[in-house]
Amino acid sequence: MMKKLLLLASLLLVPPAQAETLPEFEPDAPQITIRHKDESAFYEYRVNGVLKEVKVVPKIGKPYYLVPVEGSGEFSRFEESSLLIPKWVIFSW
């Protein structure tokens, strides 16, 4: 009985656990959306909601970048990225 009272008293003295709040992201921070289609991955890079480039990673072959041409609705293909967005590899095998 004494152990139960000690346990109850210790539970009452311990403050309740608080939920951890997630960090707020700035609305103008770069956004990356990853899509998969036909065994390829597409990384859409947007800044302020505007599409800046798409990284295409095919299952076979080298990755490349598609950059929209202003006003035409078409894309130009490049081998290197033109954006200065952090692109760290977090996990790979």
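Student: When you look at the confidence of the model for the protein in this model, what are you seeing that I'm missing?
Tutor: Low pLDDT means the predicted coordinates in that region are not meant to be read closely. Overall, the predicted model of the protein reaches an average pLDDT of 79, with 72% of residues at or above 70. Across the protein, strand β4 (residues 64–68) holds the top mean pLDDT of 92, while helix α1 (residues 2–13) sits lowest at 69.

Student: How should the sheet that holds strand β3 (residues 50–57) be read in this particular structure?
Tutor: Strand pairing within a sheet occurs via backbone hydrogen bonds; the two strands may be parallel or antiparallel. Across the sheet, 5 strands lie side by side as β1-β2-β3-β4-β5; this open sheet has antiparallel pairing. A strand with exactly one partner marks an edge of an open sheet, and here the two such strands are β1 (31–37) and β5 (75–78). Each strand axis lies, on average, 25° off the axis of its neighbour in the sheet, ignoring direction. Bridging between β3 and β4 involves 3 bridges; their strand directions are antiparallel. Opposite V54, over in β4, you have L66 as the bridge partner.

Student: I tried to follow the side chain of S40 on my own but got confused; where do I start?
Tutor: Topologically, S40 is positioned in strand β2 (residues 40–47). Every residue in contact with S40, bar those within four places of it in the chain, is listed here: R35, V57, P58 and K59.

Calculation rules
- Residues numbered from 1 in each chain as written.
- Predicted model: local features only at pLDDT ≥ 70, side-chain atom pairs only at ≥ 80, totals over all residues.
- Heavy atoms only, no water.
- pLDDT = per-residue confidence, 0-100.
- Helix = DSSP H or I, 4+ residues; strand = E, 2+ residues; numbered from the N terminus.
- Pairing = 2+ DSSP bridges.
- Axes fitted to C-alpha atoms, helices over the stretch in contact; angles between N-to-C directions.
- Contact = heavy atoms within 4.5 Å.

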